[in-house]
Amino acid sequence: MDIKYTYKKYAHFDKRIRIENAKKYIENPAKVATHSFYPFIHFTNRWIKYSTANGRREKPRDLCYAAHMDSYIYQLYAHKLNEAYNYYVKKHCINKCSIAYRDNLGKSNIEFAKEVLTFIRKTGNAYIFVGDFTHFFDELQHNYLKKNILQILGTERLSDDLYAIFKNITNYSMVELNDLLEYHGDITYKEFNKKDVALTPDEFRKFKKGHLKSNKNKGYGIPQGSPISSVLSNIYMIEFDKVLNDFATTNHGIYRRYSDDFIIVIPKSDNIDVKDIWKSIKTTADSIPKLNLQPDKTQAFYIEGQKLININSLVFDVAKNGKNVLEYLGFAFNGTDITIRDKTGSKYYYRMYRKVDNIKKQEKRTKKRIPKYKLYKRYSHLGSHRQGAKNGNFISYIDRCTKVFGPREKVGLIKKRHWKKIHKRLSKKVS
């Protein structure tokens, strides 16, 4: 079984262990069936969103990470379930629908985006719906998830080892990272990860009495961030994917889903109305337990030739028309041009400008010239793979976009302007 296990260096409730020393244990179903899982460590990742209109805005995301042996077990069984999932979706002709967390499609998000946007361009006249689901991982209903796992495995009951994993990932427990940092004297996360273990066995027994939290949602929700959560989310959506893909295929369209984001494109015809498309999407979502469409993220468009129009008010009961721009997998399409999404570009420029300003402030304070090689490596073409650097940067990503979409598209505009903008900011007087 060819699995690329990931070795984690963070501190947890058990000691770090190499896969060579863990394999015999985790590959023994009897051991897994009776394995005592540690609580997850939970933290809130303050994900920064950027936009030209609203600037910098925080979006919290709850994440959990598993103990070292637990993580290896999750990785192994995620691989097993993913193999079963891949076989199932091929058999039921929905292999191309789900594009997130897949290991057998051989394409990047750039290529997935090009496929859909090229389809829209070639179709000419079509209706387009995009949307996502509210608190996706937090809302996965356990009984429905179990039913779908049994369905892809083609069995009537879970094996003892898989049931032990399912029971732990659904009725999971966790402790707060901040509580652990505070327990150790308000140390930093970096200092915390230098420890051999998060707590000694005696400390852990005392600590968990007042700090252990269980999944507050009875019957639904799995932790986001575990090695097995992503494949479970895909398994949860097999019926949604099947119904909408059949609907799209029957009407000569295309349907794709990336985790909790989806897009469906249906060519205009005399046989179907735009409200029929929305009814099919809504009815399908309503048929899946606790799958709730996020109203402000659900958008409807109509494209005619090279003219793209937002038609929210025509389709939804209470909605205003949004921008006449379709955003998909980090790209923006206005009916004519394909570009990098504004928010993606804003995020790059915000971070680059902040780095430049910090350098300038340091120069002003120390009266010394600060070398710019770190700035250039992180934010310019000098740090891209094309320049022989070990690690790429955002400009490397732009190079890949240009390679996939072709030089005629405007996805490479940021690269053409970035060097000039860096030096324009460097020459600006600091306050």
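For the structure, check the block above.
Residues numbered from 1 in each chain as written. Predicted model: local features only at pLDDT ≥ 70, side-chain atom pairs only at ≥ 80, totals over all residues. Heavy atoms only, no water.

Student: Explanation requested: the pairing of strand S9 (residues 307–310) in the structure shown.
Tutor: Residues in a regular strand point their side chains to alternate faces of the sheet. Along S9, the buried face is formed by Leu 308 and Asn 310; none of Lys 307 and Ile 309, which line the opposite face, is buried. Pairing between strand S8 (residues 299–304) and S9: 4 bridges, direction antiparallel. In the strand pairing of S9, Tyr 302 is matched with Ile 309. Linkage of S8 to S9, two consecutive antiparallel strands, is achieved through a turn of 2 residues, within which Gly 305 is found at a positive phi near 65°. (Buried < 20%, exposed > 50% of the residue type's maximum accessible area, 1.4 Å probe, protein only. Helix = DSSP H or I, 4+ residues; strand = E, 2+ residues; numbered from the N terminus. Pairing = 2+ DSSP bridges.)

Student: Even after reading the chapter, I still don't get unusual backbone geometry, so can you show me in this structure?
Tutor: For residues that are not glycine, phi is negative in most cases, and the peptide bond is trans in most cases. Even without being glycine, His 135 reaches a positive phi, approximately 45°. The phi torsion at Ser 259 lies on the positive side, around 55°, for a residue other than glycine. Mapped onto the elements, Ser 259 comes out in the loop between strand S6 (254–258) and strand S7 (261–267). Residue Ser 259 is classed as buried on the basis of its relative accessible area, which comes to 5%.

Student: Just to check I follow, could you spell out the packing of aromatic side chains for this structure?
Tutor: Here a ring pair, both rings aromatic, is described through the centre-centre distance and the interplanar angle of the planes. Tallied over the entire structure, the rule returns 29 aromatic pairs. Seen from their ring centres, Trp 278 and Phe 316 are 4.8 Å apart, and the 80° between their planes marks the pair as edge-to-face. Residue Trp 278 is found in helix H12 (residues 274–286), and its partner Phe 316 is found in the loop between helix H13 (312–315) and strand S10 (326–328); the two are separated by 38 residues along the sequence. Grouping residues by exposure puts Trp 278 and Phe 316 together as buried. Taken together, Phe 133, Phe 136, Phe 137, Phe 240, Tyr 255 and Phe 262 form an aromatic cluster joined through their ring pairs. The ring of Tyr 7 has Arg 18 sitting right over it, with the charged end atom 3.8 Å from the ring centre. A cation sits over an aromatic face here: Lys 290 above Tyr 220, 4.1 Å from the ring centre. (Phe/Tyr/Trp six-rings, centres within 6.5 Å; stacked < 30°, edge-to-face > 60°. Lys NZ or Arg CZ within 6 Å of the ring centre and 35° of its normal.)

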